[in-house]
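Summary of the model geometry
In case you want the letters, here they are:
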Amino acid sequence: MKDNLSYRIEKLTAKFPSPSNWKFWVVLALLIKAGIFTFKILEPGPQELHYPGTFASFAGDSPSYIDPIEHLLANGSYADDYRMPGYGWIYYLIRLLFSQAAALNVLVLLQLVLSAVSVYALALIAYCVFRHLSYFYLSFFIYLISTYASLFDFKLLTESFCTSSIIFSTYFLLTGSEKKSKLFFSGLFLTWAIFLKPVLAPVLIIFSSYLFLKNKIDKRYFAGWGKVFIFVIPFIILDGIWIIRNYKNYSKILPLTKTVYYPSLEESYMSSLFRFMNAFGGSIVYWEPGNDITFFYPASQAMKTETTLPATIYTSKFNLDSLRIIKNEIQEVENEQLPAEKREILNQKIKYQLDSYTASIKEEHPFLYHVSSRFRVAKKFFIHSGTYNLFNKASFELSSMEFLVKLFYSVLYLFVILFGFTGNLFMLIKEFKKTDYCLLVITGLYFALVFPFALKLDEYRYFVIAYPFFVLASTYAMVKGYGFIFKKNK
């Protein structure tokens, strides 16, 4: 006989259509997502936020995805090739049929459609792993109403496609035992995600290990190796083509990207400045007022107060006065009236000074450099309102209704973060023998932790690809927590 908790949940979920009714769920997701999409493209804001003649939103990185394809169409070569063509190849195919403005509109509309379908796919993952309807409905509705991921559907950035593709890849992987072709599609979507964000390459190992271990548990060793091969073959083929192309151009084996930063940044003082900020966990998001890097590189001319840096970073090689000298030199090198020769000499001087300061932090404050700097970045990365791009205006400019909406989404974001980490922890403790659970935990935590802890990057949008996996973990924490409280009270 079922307990009261199961009975209550099943009574509630009986009012909803079955998970197998994909048309209902996909259409519902598309309608809600389209509403958010329409609100954002019609929202008043600076004209420079959009490409001319389009409703596609422009961002700082957008030209690095679009311009190489325009160069390919005009000149026959993919350049600058700092980015892998994961975003560009979709744009290229669309661009063959439409003008640039129309192609950009079609591109973000495609992002919207795939994003809507991925909501349903995420809910199916929850149902597949947790084996209860409550997880399907909770995951579907929490992820559907979340703007944290939806606000990238109209932006010319990789976040929307990458998040959708990783959800599809995970779904096909978990259901791969049904058809081997699903493993191929899982590998294909993951390959696309890697070509969008190369930092996801280690997920190939995570997913391959899952396949092998799942078959090892079932004592099907040879079947496990065969499934791994089917899964990785899309990456082997496509990345092989990319490696051959790079070898012809550079006589080097380059499986992913050439540099960590833009080539222009690698040559300028900015790469050394970024490494210096990373040394103590300072934020390198230079366009946000008050972030650490704005000490050197003000986010706007309106900033009147100098940003304060932690006193614990100073060494025998530099102090606050040393950094103020660097700050003045940066302002000088940014002066367009300065002759090119003098600018380059000063640029090299700044790079040398900053690199020596970075080395001194590593030598004199090893714990700060290797450990506490990463937690400082992580604090900035995770703990914030979660609504930094919800409205195109400051909080004090919001109406009462807009403020309540912003407050609701801030609470929802913090809920997903708190319950997501809690759910992941309890799944590791209570469900560590279940390979499906471990797959979700390891994948979600990798997406969430690789940027602040491995790369020391704190830009909020990098958490978007981890967000759906935290939704899954938070639903686990909710259902288990509710069951525990209900049974305790009973």
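Before any of the text, the structure's been laid out above.
First, a word on scope: everything that follows refers to the structure included in this document. Small disclaimer: the values here were computed from a predicted structure and weren't measured.

1. As for the pattern of salt bridges
Taken as a whole and judged by the stated rule, the model has 15 salt bridges. The closest approach of N and O atoms between R461 and D61, which form a salt bridge, is 2.6 Å. Taken as a pair, R461 in the loop between α18 (435-454) and α19 (467-489) and D61 in the loop between α2 (22-42) and α3 (62-75) lie far apart in primary sequence, 400 residues in all. The salt bridge partner of K393 is E402, with a shortest N-O separation of 3.1 Å. Overlapping salt bridges bring together D61, R83, E159, K197, E459 and R461 as one network.

2. Overview of the packing of helix α8 (residues 159-174) against helix α9 (residues 180-196)
With their axes 8 Å apart at the nearest point, α8 and α9 run at an angle of 155° to one another. Between α8 and α9, the angle falls in the class roughly antiparallel. Every pair of crossing elements has a handedness; the one defined by α8 and α9 is left-handed. Facing α8, whose interface residues are F161, C162, S165, I166, F168, S169, Y171, F172 and L173, α9 presents K182, L183, F185, S186, F189, L190, W192, A193 and L196. Considered class by class, the residues forming the contact of α8 with α9 number 14 nonpolar, three polar and one charged.

3. A few points about α18
Where α18 bends most, the angle comes to about 35°, and this point is A448, followed within four residues by the proline P452. Here α18 lies mainly inside the structure; 16 of its 20 residues are buried. Positive phi shows up at K456, right after α18, with a value of about 55°.

4. What about the packing of aromatic side chains?
Given two aromatic rings, one states the distance between the centres and the angle between the planes to describe the pair. Considering all chains together, one arrives at 56 aromatic pairs under this definition. On the basis of an interplanar angle of 70° and a centroid distance of 6.0 Å, the ring pair of Y148 and F463 is categorised as edge-to-face. Linking Y148 in helix α7 (residues 147-150) with F463 in the loop between α18 and α19, this pair joins segments that are 315 residues apart in sequence. The burial state of Y148 is the same as that of F463; both residues are buried. Site record: aromatic cluster; members linked through ring pairs are Y65, Y87, W89, F161, F168, Y171, F172, F184, F185, F189 and W192. Residue placement shows K33 over the ring face of Y143; its charged tip is 5.4 Å from the ring centre. Over the ring of Y369 we find K456; its NZ or CZ atom is 4.7 Å from the centre of that ring.

5. Examining the layout of surface pockets
Its boundaries defined by the atoms lining it, the second largest pocket holds a volume of some 500 Å³. Together, 18 residues line the second largest pocket, and P85, G86, W89, F195 and L238 are the ones closest to its centre. When residues in the lining of the second largest pocket are grouped by element, the largest group, five residues, is from α9. When grouped by side-chain class, the residues that make up the lining of the second largest pocket number 14 nonpolar, three polar and one charged.

Criteria and cut-off values
- Residues numbered from 1 in each chain as written.
- Predicted model: local features only at pLDDT ≥ 70, side-chain atom pairs only at ≥ 80, totals over all residues.
- Heavy atoms only, no water.
- Salt bridge = Lys/Arg side-chain N within 4 Å of Asp/Glu carboxyl O.
- Helix = DSSP H or I, 4+ residues; strand = E, 2+ residues; numbered from the N terminus.
- Axes fitted to C-alpha atoms, helices over the stretch in contact; angles between N-to-C directions.
- Parallel < 35°, antiparallel > 145°, perpendicular 65-115°, else oblique.
- Left-handed = near helix turned anticlockwise from the far one by under 90°.
- Contact = heavy atoms within 4.5 Å.
- Nonpolar A, V, L, I, M, F, W, Y, C, P; charged D, E, K, R; others polar.
- Bend = angle between axes of the 7 residues up to and from the residue.
- Buried < 20%, exposed > 50% of the residue type's maximum accessible area, 1.4 Å probe, protein only.
- Phe/Tyr/Trp six-rings, centres within 6.5 Å; stacked < 30°, edge-to-face > 60°.
- Lys NZ or Arg CZ within 6 Å of the ring centre and 35° of its normal.
- 1 Å grid on protein atoms, 1.4 Å probe; cavity = no way out; pocket = protein on both sides within 12 Å on 5 of 7 lines; lining within 4 Å.
- Points joined across faces, edges and corners; volume = space filled by probe spheres on them.

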